[in-house]
Amino acid sequence: MLSVIVGRTGPFAGQSVVLGDAPLTFGRKSDNDIIVVSVSASRLHAEIVAENGAYVLHDRDSRNGTYVNDKRVTRHELTPGDTIRIGDETFLFETQEAMQTVMDLSQLALPRADAAVDPGVLRVTVTGGGPVGLAFALLLEEALPGRTSITVYDGRWVRSGSTVAWKDETHGNVRRQQVVTVQSRQYMALTEEMRSALFGDGQFSEMWPVGPDSVDGRPPRNIRIAYIEDQLLELAKRKPAIRLVAKRFDPVEHEHLIARDHVLVICEGGRSRTRDHFTDRFGVADASIYSLHGEHLQDVVLGLRVKSRLSDPMSVLLTVAQNRFLLNSLRGEGFLNMRLTREEARNVIGIDPVRQVFEECIAARPCVMSRHEDNEFVCPTHGTLFLPALMRSSPLWKRIQEGLRLFAVAEDDLSAITSFRLDMVQRPRFTAQLTRPAADRPGTYGFLLGDAANAIHFWPGRGLNSGLASAVSLALSLSRVWQGRPLRDADFIRHEAAMSMLQYRHKSRAWNAMVTTDERGVTRAIKDIIDRSMDDTAGPAKAGVAGSAARAGGGSVSPRSAEADLEILLDRMHAIRDRLAARLPGLPDDKELRDHLSALAPATLRTLQESGPWDTLIVSGEEADIDIFYQQDAPVFVPATPGATDQALGPRTPA
């Protein structure tokens, strides 16, 4: 008999969790199974553990205690009807049988009732309900109408009555407001229904020009990732074949469900626990191929949520002319991404104002710190403050202010700070057989999609573009091979090839965004070039060599060297403007550029100049065309449905 934890009061009220063999944790930290928002809760407050056939509640040295039936406990063996109180929130421990009289069991994450009813139905579980997971579910539902059953898990959702919604800050979840750039090759591959939902009037902008790989002359589109998530979730709610579970997927707890399904699609992101659980099937990622001088290369990027007063053409020109800052926005609002040096990355830290200890939540999770009174940036999950903002004279804060000045952002229009890492690895495979067919199970195949397959890219939307392409590829593969029989390795040759091509394009683009090679053939990390450019003992840069780290002499940055840096930057922008003018009207003239850049500090001009320009072929160049793997003349057999005749359909192409 299944045991259940049900929220009674607080943000978790009305939600439920089925207990399994894995511990169930409660606390304020975002990686707990149940996030308790109350200020009285500790980071890891309590835990329910299976012991000798029973479930035992343990208090994990919390500051304010754990209570069962209003009595403080350190260890308590739970019995049906027990009420647990943590901070201001309460939870009920019950069994499935008892809960049938008090709540709709459709709200529980139980095995499907139709799991073995129709052998012609493809049963799919998706872990992670972000844009990639939801896009895949919607694409597959349309490709196999009436012939698939899809369950999507995500712990960032909350159940509200008979439906689900995204958690907000009251639940310990800060929505992603970053603006991403979606290439036309990706959004044109979505269904017409998905495109209509995503790209309504006023919900996107087209600030980047048409690139050489744009489909039908359509430019990339800027759109908020939270809006994508909202719209795709609303579409998924309307599909009877898609079941949404407001719970983080646990590969140990749900092992029996995995064995009953045909497909497990892992879309949980770069830190996927499900992928790590199946490391023996997918293999260990190799970091050596993305190493420089024996060191695995990583970039840390600070994300600043801002409102810029510049025009889109001016923002584009300033962005592609240097490698220190990148602005991606929608109607001037978005994130200003700042590439950090090694020393700066070590200073991205929070401080707990009560315990006076440092907390790396913004660097390790990452968390989003929102602006409060007195210019404090506060993490709502951990209660920490962004330390560099408290130390207004700190070098990192001064450089952040220079980035704001570059894009004409008033300091009051900096509303939040986050960070993320660009961590490139080579994955050996993206498809794996998890269980073999048997009399009582169909045999399960697992797939890595999105950031679980490929790392985040510094260019906003790179991960989303690759993720959408991978979702399209898998939906195409499954829709073509599904015939009601056990799946085989050979069914996914095309998909595996498409994923390898996406990985190569994704990683080569990321690599070229992280390193630069000078005229002597010496390759250096851009972050190290930026670091050397800020060395007060360095002399003037070698004139005319953009991005070079070759420097000599001594002394601080002088007015003369600042003027030289300004002239190099202006010459660079002239060349970029000449290339973009035909595709991006309204670019600034020479006087406007000079007046704008002259307001920057000499040290900033030096950093911008030496960081080098973006390689625009890397930014908006050729996309990986996965369609080449699905162009064939042979028909795809589709089994007859009741009341219909056998039919053969030609190759399906994206809408």
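Reading the values: the criteria
- Every chain begins its residue count from 1, and numbering advances along the sequence as written.
- Side-chain atom pairs in this predicted model are given and counted only at pLDDT of 80 or more, local residue features only at pLDDT of at least 70, and totals for whole chains, interfaces and linings cover all residues.
- Only hydrogens and water are removed before side-chain values are computed, so all heavy atoms of the structure are retained for them.
- When DSSP locates at least two bridges between a pair of strands, those strands are taken to pair.
- Numbering goes from the N terminus for both helices and strands, where a helix is a DSSP run of H or I of at least four residues and a strand is a run of E of at least two.
- Angular values range over 0 to 180 degrees, each being the angle between N-to-C directions of two axes fitted as lines to C-alpha atoms, with helices fitted over their stretch in contact.
- By definition, turning the near helix anticlockwise from the far helix through less than a right angle yields a left-handed crossing, and turning it clockwise yields a right-handed one.
- Contact definition: two residues touch when any of their heavy atoms are within 4.5 Å.
- Basically, the charged four are Asp, Glu, Lys and Arg, the nonpolar ten are Ala, Val, Leu, Ile, Met, Phe, Trp, Tyr, Cys and Pro, and anything else, Gly included, counts as polar.
- Partly exposed residues are those whose accessible area sits between 20% and 50% of the maximum for their type, while under 20% is buried and over 50% is exposed, using a 1.4 Å probe and protein chains only.
- For the handedness criterion, the strands are oriented away from the viewer, and a crossover whose path from the first strand over the helix to the second runs clockwise is classed as right-handed.
- Salt bridges, as used here, are contacts in which a Lys or Arg side-chain nitrogen is within 4 Å of a carboxyl oxygen on Asp or Glu.
- By definition here, a helix of n residues has an expected span of 1.5 Å times n minus one.

Per an unreviewed UniProt entry, the chain carries the name FHA domain-containing protein and comes from Actinoallomurus spadix.

Engineer: What should I look at first to understand the sheet that holds strand S7 (residues 66-68) in this one?
Structural biologist: Sheet strands line up and pair through hydrogen bonds in the backbone, either parallel or antiparallel. Sheet architecture is open: six strands sit in the order S2-S1-S11-S10-S7-S8, paired in antiparallel fashion. This sheet does not close on itself; its edge strands, each paired only once, are strand S2 (16-18) and strand S8 (71-73). Strand after strand, the sheet turns through a mean of 30° between neighbouring axes, direction not considered. Alignment of S7 against strand S10 (residues 83-86), held across three bridges, turns out to be antiparallel. From the neighbouring strand, Thr 66 faces S10, where its bridge partner is Ile 86.

Engineer: Can you walk me through the packing of helix H9 (residues 312-320) against helix H18 (residues 590-598) in this structure?
Structural biologist: A pair of packed helices can be characterised by two numbers: the angle between their axes and the separation between those axes. Direction vectors running N to C along H9 and H18 enclose 60°, while the axes themselves pass 13 Å from each other. Classified by chirality, the crossing of H18 by H9 is right-handed. Judged by residue contacts, Met 314, Leu 317 and Leu 318 of H9 engage Glu 592, Leu 593, His 596 and Leu 597 from H18. Tallied by class, residues from the contact of H9 with H18 come to five nonpolar, one polar and one charged.

Engineer: Mind showing me how you'd approach the pairing of strand S13 (residues 148-153) here?
Structural biologist: Most of S13 is tucked away: six of the six residues are buried. Residues Thr 148, Ile 150 and Val 152 point to one face of S13 and Ser 149, Thr 151 and Tyr 153 to the other, with burial holding for every one of them. Bridging between strand S12 (residues 122-127) and S13 involves six bridges; their strand directions are parallel. Across the sheet, residue Thr 125 finds its bridge partner in S13, namely Thr 151. Taking the sense of rotation as the criterion, the β-α-β connection linking S12, helix H2 (residues 131-143) and S13 turns out right-handed. Of the pairings in the sheet, the one linking S13 to strand S18 (residues 242-245) comprises four bridges and is parallel in character. Among the inter-strand pairings, Tyr 153 is bridged to a residue of S18, identified as Val 245.

Engineer: Would you take a moment to explain the pattern of salt bridges for this structure?
Structural biologist: Opposite charge on two side chains makes pairing possible when the charged atoms of those side chains draw close. Taken as a whole, this structure holds 29 salt bridges when the rule is applied. Lys 237 is paired through a salt bridge with Glu 234; the nearest N and O atoms lie 2.9 Å apart. Here Lys 237 pairs with Glu 234, and both are found in helix H5 (residues 225-237), just three residues apart, close to one helical turn. Given the relative accessible area of 36%, Glu 234 is considered partly exposed. Taking the shortest distance from any N to any O, the salt bridge between Arg 488 and Asp 491 comes out at 3.0 Å. Overall, Arg 488 belongs to the partly exposed group, its relative accessible area being 43%. By relative accessible area, Asp 491 is classed as buried at 8%. Here the salt bridges do not stand alone but share partners, grouping Arg 43, Asp 352, Arg 355 and Glu 359 into one network.

Engineer: Any chance you could explain the side chain of Ser 329 here in plain terms?
Structural biologist: Relative to the helices and strands, Ser 329 is located in strand S23 (residues 325-330). Assessed through its relative accessible area of 2%, Ser 329 is described here as buried. Those residues in contact with Ser 329, other than ones at most four positions away along the chain, are Val 179, Ser 205, Met 207, Asn 222, Asp 312 and Gly 334.

Engineer: I tried to follow helix H13 (residues 395-406) on my own but got confused; where do I start?
Structural biologist: Working note: α-helix, 3.6 residues per turn, so residues spaced by three or four point in the same direction. Compared with the 16 Å implied by 1.5 Å per residue over 12 residues, the 17 Å span of H13 between its first and last C-alpha is a close match. Residues of H13 that are buried: Leu 396, Trp 397, Ile 400, Glu 402, Gly 403, Leu 404 and Leu 406.

Engineer: Would you take a moment to explain the sheet that holds S12 for this structure?
Structural biologist: The strand order S18-S13-S12-S19-S32-S31 describes an open sheet built from six strands, whose pairing is mixed. The open sheet terminates on both sides in strands that have one partner only, identified here as S18 and strand S31 (431-435). Direction aside, the axes of adjacent strands within the sheet are offset by 20° on average.

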